[in-house]
Amino acid sequence: MSQEKLIEDMVREVLKSMTQAPQTSQAPSKAAVQGLTPDHDYPLAAKRPELLKTPTGKKLSDITLENVINGEVSPKDVSIAPETLRMQAEIADGVGRTQLANNLRRAAELTAIPDNRILEMYNALRPYRSTKEELFLIAEEMETKYNATLSAAYVREAAGVYERRKRLRAE
Amino acid sequence: MKRSKRFEVLAERPVNQDGFVEEWPEVGMIAMGSPNDPEPSIKIENGKIVEMDGVSRSNFDFIEQFIADYAIDVTVAEKSMAMDSTDIAKMLVDINVSRDEIVNLVRGLTAAKLVSVFNTMNVVEMMMAMQKMRARKIPSNQCHITNVKDNPVLIAADGAEASLRGFDEMETTVAVVRYAPFNALALLIGGQTGRGGTLIQCALEEATELELGMRGITAYAETISVYGTENVFVDGDDTPWSKGFLASAYASRGLKMRFTSGTGSEVQMGYAEGKSMLYLEIRCIMVARGAGAQGLQNGSVSCIGIPAAVPSGIRAVLAENLCTTMLDLEVASSNDQTFTHSDIRRTARTLMQMLPGTDFICSGFGGIPNADNMFAGSNWDVDDYDDWNIIQRDLKVDGGLRPISEEQAIAVRNKAARALQAVFKDLGFPEITDEEVEAATYAHGSNDMPERNVVEDIKAAQELMSRGITGLDIVKALANNGFSDLADNVLNLLKQRISGDYLHTSAILDKNFNVISAVNSRNNYRGPGTGYRMSDERWDEIKTIRQAIKPSDFDV
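Residues numbered from 1 in each chain as written. Chains lettered and ligands numbered in written order. Predicted model: local features only at pLDDT ≥ 70, side-chain atom pairs only at ≥ 80, totals over all residues. Heavy atoms only, no water.

Colleague: Honestly, the overall build of chain A in this entry has me stumped. Any pointers?
Modeller: Within chain A, the secondary structure is distributed over nine helices and zero strands. Listing every helix and strand of chain A by position from the N terminus yields α-α-α-α-α-α-α-α-α. Residues classed as buried in chain A amount to 46% of the 171 residues present. Element-wise, carbon and sulfur atoms account for 52% of the exposed surface of chain A, whose accessible area totals about 8700 Å². (Helix = DSSP H or I, 4+ residues; strand = E, 2+ residues; numbered from the N terminus. Buried < 20%, exposed > 50% of the residue type's maximum accessible area, 1.4 Å probe, protein only. Areas by Shrake-Rupley, 256 points an atom, 1.4 Å probe, with all protein chains shown as cover.)

This is the structure in structure tokens:
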């Protein structure tokens, strides 16, 4: 579509909608892991490789082409461990990126949750997908089954906001 | 009326095929400074924001609540908000004020206050500020690699040429959705052929995109959209909390991720609430910051036709890019979708980001002919490679690309096509013939490629998913077929997700897979002689173009 046509169509759409009815319209705790600092320890792979372990307990130096060919490396070996995410959160704090650090701490919790369940939980958080009770159940599952307390608080908070803003699924 | 011959000629000029519209604040058709933009304000009680930009907490929409609770630092907010907007703008262009000082001050500003700062600045001042505020010291660039046929051999070859030309990130998407696993696989191999360490992504709906990442076929994701009004957010089928959860989900799988937003999207979707495009976009940037995303792609992106149609729209686009860097986020600064028929206008628009340098100047530059761009043609594409290189040379500016020789391009294209041929054979996918390898090696675009059996390809692409093939299987297939250098590169890319070093702000990888990010390569610009300065080696690379005649070639 040409730009000219796009603009024309938009103007028409806006005019049309104007004649119709109007539309209604806390930081988690940080537990220090290792006392890591950005200048001294980052990047971890180069400066602190001894701290890095795969979720299966392998070292970074175990992940070689030879070991892949011999079948000694599984997909689980090339994923991130929760401890690593918490270390990276410390680095992020060290450069003043509090929100990124907190995101990485929530991510550390989510490593325990299987892929499919993660996608289901994401879908449940979309607008009009869940009742308040359903979101609270997810929060409880996060807490009891996966020890994901930060994420659970985040979901409970969402439930409250969705209720106030009428974004819950209507029964 | 008798027509002026001069006006008749002007009417035929490319720029007059573009669309323009007068400002119309009531519906948000205004780039900056809408009379309906709120007055900046903040009230804090017991460590909580109880009023922001004239709205009391009980009336916050979900975006406002998210911003108030996650994006604004209440410990500095009152002090920052008390400052004069012009004084803040002056600090932005003052080389004696450090980036850190600005970042710490901006933590306490509301969206309306940020808007009021940009309203005082012209584009040269914004470019000066961008040069200082970009998070990573070294600027970079990103490209699109797609084609209308989803031809995987061509994607591999184009990816190889593009990574050799210097793109640190490459993005593909699909013409036919079910081809996605093959597009991602082909780009993975192509990217690692041109230059080890190139990061790749495949833009798809959230679930598939995340799954390809989890499998280790892609290395990062970008199309996590956020919006500036609650209605548009809901129309986009998300909330700040669902997107925040997705951000953590990506990180939990060790994948780099950034959000996407842009001026004009709210007007296009019909709920701008009479606010300026820039005000609404700044709310998006603050949502990205609040969610803890390391970065954001913005600069209107696919809505560029809208700000480009109104006065000061391209200035607003620069302001949104700048605002992203001030909130200490990586910025992939758009310069992607075509918005004009005029070569002059498209160049002027890009200089705003190219001259100061951003984390990714284009996001992306078409590494394919315009007609093969499945994101809808880019502002820059393969036919502009030499123009880009020569602008870099003319101005001694690092736009992230380098001139290459025809021989080098042919060699890496051929190698990538052969590597993909071998991997397809190894994994039992439909044959890639020698004729296809040859065609991809020398092709300009998908018109030069022999037809493939699309039905068979799509079936096999689904098999890639159902058989549970991961990045490790690709490593093995490459190693088994004499491409151990590429196998090493793909494995090194997979290893990034063990260390998570590239989850940090503005991370890219060098050819030896070392992470360069806004942690170990922080922008320290403080005026002439500081910040990013091109090395002699890099300048040699940029200035050495095949088109230049050498005095030594003359026989005098």
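Colleague: How should the sheet that holds strand β4 (residues 142-144) of chain B be read in this particular structure?
Modeller: As a general point, the strands of a sheet are linked pairwise by backbone hydrogen bonds and lie either parallel or antiparallel. Residue and element names in this part refer to chain B. Read from one edge to the other, the open sheet built from four strands follows the order β6-β5-β4-β11, with strand pairing classed as parallel. In this open sheet, the two strands that pair with only one neighbour each are β6 (199-202) and β11 (365-366). Bridge analysis of β4 against β11 gives two bridges, and the strand direction is parallel. Directly across from cysteine 143, in β11, lies its bridge partner phenylalanine 365. (Pairing = 2+ DSSP bridges.)

Colleague: Where do I start with helix α7 (residues 115-125) of chain A in this structure?
Modeller: Given 3.6 residues to a turn, an α-helix orients residues that are three or four positions apart in the same direction. Along α7(A), the residues classified as buried are A:Ile118, A:Leu119, A:Met121, A:Tyr122, A:Ala124 and A:Leu125. Residues of α7(A) that are buried sit in contact with α6 (98-110), α8 (132-146) and α9 (149-164) of chain A together with α10 (206-214) and α12 (240-252) of chain B. (Contact = heavy atoms within 4.5 Å.)

Colleague: What should I look at first to understand the packing of α10(B) against α12(B) in this one?
Modeller: Residue and element names in this part refer to chain B. One can describe the packing of α10 onto α12 by two numbers: an axis separation of 11 Å at closest approach and a directional angle of 15°. It follows that α10 is roughly parallel to α12 by the angle criterion. Two packed elements cross with a definite hand, and for α10 against α12 that hand is right-handed. Side by side, α10 and α12 meet where Glu206, Glu209 and Leu210 of the first sit next to Lys243, Leu246 and Tyr250 of the second. (Axes fitted to C-alpha atoms, helices over the stretch in contact; angles between N-to-C directions. Parallel < 35°, antiparallel > 145°, perpendicular 65-115°, else oblique. Left-handed = near helix turned anticlockwise from the far one by under 90°.)

Colleague: I keep staring at the nonpolar core and nothing clicks. Help me out?
Modeller: Across soluble globular proteins, nonpolar side chains show a tendency to be buried alongside one another. Ranked by internal contacts, the top residues of the largest apolar core, which has 222 residues, are B:Phe118, B:Phe259, B:Ile282 and B:Leu478. Element by element, the count of residues in this core is highest for helix α14 (residues 277-291) of chain B, at eleven residues. (Core = buried A, V, L, I, M, F, W, Y, C linked by side-chain atoms within 4.5 Å.)

Colleague: What should I look at first to understand the side chain of B:Ser252 in this one?
Modeller: Looking at the element boundaries, B:Ser252 is found in helix α12. Here B:Ala249 takes part through its backbone oxygen, which lies 2.6 Å from a polar atom of the side chain of B:Ser252. For B:Ser252, the residues in contact, after removing those within four places along its chain, are A:Ile80, A:Leu85, A:Ala107, A:Leu110 and A:Thr111. (Polar contact = N/O pair within 3.5 Å; in protein donor to acceptor, adjacent residues only side chain to side chain.)

Colleague: Is there a simple way to explain the packing of helix α6 (residues 111-118) of chain B against α14(B) in this structure?
Modeller: Packed helix pairs are characterised by how far apart their axes lie and by the angle those axes make with each other. Residues and elements named next belong to chain B. The interhelical angle for the contact between α6 and α14, taken along N-to-C directions, is 125°, at an axis separation of 9 Å. Relative to α14, α6 is oriented oblique. For α6 against α14, the interelement crossing comes out right-handed. Contacts from Ala111, Ala112, Leu114, Val115 and Phe118 of α6 reach α14 at Leu278, Tyr279, Ile282, Arg283 and Met286. Grouping the amino acids of the contact of α6 with α14 by side-chain chemistry returns nine nonpolar, no polar and one charged. (Nonpolar A, V, L, I, M, F, W, Y, C, P; charged D, E, K, R; others polar.)

Colleague: Just to check I follow, could you spell out the interface of chain B and chain A for this structure?
Modeller: Interfaces are frequently sized by the accessible area removed from exposure as the parts join. Each partner contributes to the interface: chain B provides 87 residues, whereas chain A provides 72 residues. Three residues, B:Trp241, B:Phe245 and B:Ile498, lead the burial of chain B against chain A; their summed loss comes to 12% of the area buried on that side. Counting across the interface, chain B meets chain A through nine salt bridges. Ionic pairing is found between A:Asp39 and B:Arg522, a salt bridge with its closest N-O pair at 2.7 Å. At the boundary of chain B with chain A, the tally comes to 36 residue pairs in polar contact (both at pLDDT 80 or more). For the side of chain B that touches chain A, the secondary structure elements donating two or more residues are α2 (62-71), α10, α11 (230-235), α12, α13 (265-268), α14, α21 (471-480) and α22 (484-499) of chain B. Broken down by element, the residue count for the side of chain B that touches chain A peaks at twelve residues, all from α12(B). (Buried area = accessible area lost by both parts, 1.4 Å probe. Salt bridge = Lys/Arg side-chain N within 4 Å of Asp/Glu carboxyl O.)

Colleague: Quick question: what am I supposed to make of the sheet that holds strand β1 (residues 42-45) of chain B here?
Modeller: Residues and elements named next belong to chain B. The three strands are arranged β1-β2-β3 in an open sheet whose pairing can be described as antiparallel. The open sheet has two free edges, formed respectively by β1 and β3 (55-56), since each of these has just one partner strand. Pairing of strand β2 (residues 48-52) with β3, which is carried by two bridges, proceeds in the antiparallel orientation. Bridged to glutamate 51 within β3 is serine 56. The sheet contacts of α2 involve β2 and β3, and relative to β2 the element is tilted by about 135°. Where helix α3 (residues 74-82) meets the sheet, its contacts fall on β1 and β2, and the angle it forms with β1 comes to roughly 145°.

Colleague: What's the story with the packing of aromatic side chains in this structure? I'm lost.
Modeller: To describe a pair of aromatic rings, you give the distance between the ring centres and the angle between the ring planes. All names here are of chain B. Scanning all chains against the criterion turns up 14 aromatic pairs over all chains. Between the aromatic rings of phenylalanine 167 and phenylalanine 365, the centroid separation amounts to 5.5 Å while the plane-to-plane angle is 55°, which identifies the pairing as tilted. Residue phenylalanine 167 is located in the loop between α8 (152-165) and β5 (169-172), and its partner phenylalanine 365 is located in strand β11; the two are separated by 198 residues in the primary sequence. Overall, the relative accessible area of 0% leaves phenylalanine 167 in the buried class. Phenylalanine 365 sits in the buried class, given a relative accessible area of 0%. Ring centres 5.5 Å apart and planes at 80° place the aromatic pair phenylalanine 424 and phenylalanine 429 in the edge-to-face group. Accessibility assignment for this pair places phenylalanine 424 and phenylalanine 429 in one class, buried. Taken together through their ring pairs, the aromatic side chains of Phe167, Phe365, Trp380, Tyr385 and Trp388 make up a single cluster. Sitting over the face of the ring of phenylalanine 360, arginine 136 holds its NZ or CZ atom 5.2 Å from the ring centroid. (Phe/Tyr/Trp six-rings, centres within 6.5 Å; stacked < 30°, edge-to-face > 60°. Lys NZ or Arg CZ within 6 Å of the ring centre and 35° of its normal.)

Colleague: In this structure, what is going on with α2(B)? I would like to understand it.
Modeller: Residue and element names in this part refer to chain B. Judged by how many residues are buried, α2 sits mostly within the fold: ten of ten residues are covered. Those residues of α2 not exposed but buried are Phe62, Ile63, Glu64, Gln65, Phe66, Ile67, Ala68, Asp69, Tyr70 and Ala71. The N-cap residue of α2 is aspartate 61: its side-chain oxygen and the backbone nitrogen of isoleucine 63 are 3.0 Å apart.

Colleague: Even after reading the chapter, I still don't get the environment of B:Val97, so can you show me in this structure?
Modeller: Residue and element names in this part refer to chain B. Along the chain, valine 97 turns up in the loop between α4 (85-93) and α5 (99-106). Sequence-wise, valine 97 and aspartate 383 are 286 residues apart; in three dimensions their C-alpha atoms are separated by 41 Å. Not counting the four nearest positions on each side in its chain, valine 97 is found in contact with Met91, Ile102, Lys132 and Arg526.

Colleague: I would appreciate a short explanation of the confidence of the model for chain A in the present structure.
Modeller: Low-pLDDT stretches of the model should not have their predicted coordinates read in fine detail. Of the residues in chain A, 82% have a pLDDT of 70 or more, and the chain-wide mean is 88. Ignoring residues within four places in sequence, the model shows residues 21-32 of chain A, a span with pLDDT below 50, making 17 contacts including any to other chains. (pLDDT = per-residue confidence, 0-100.)

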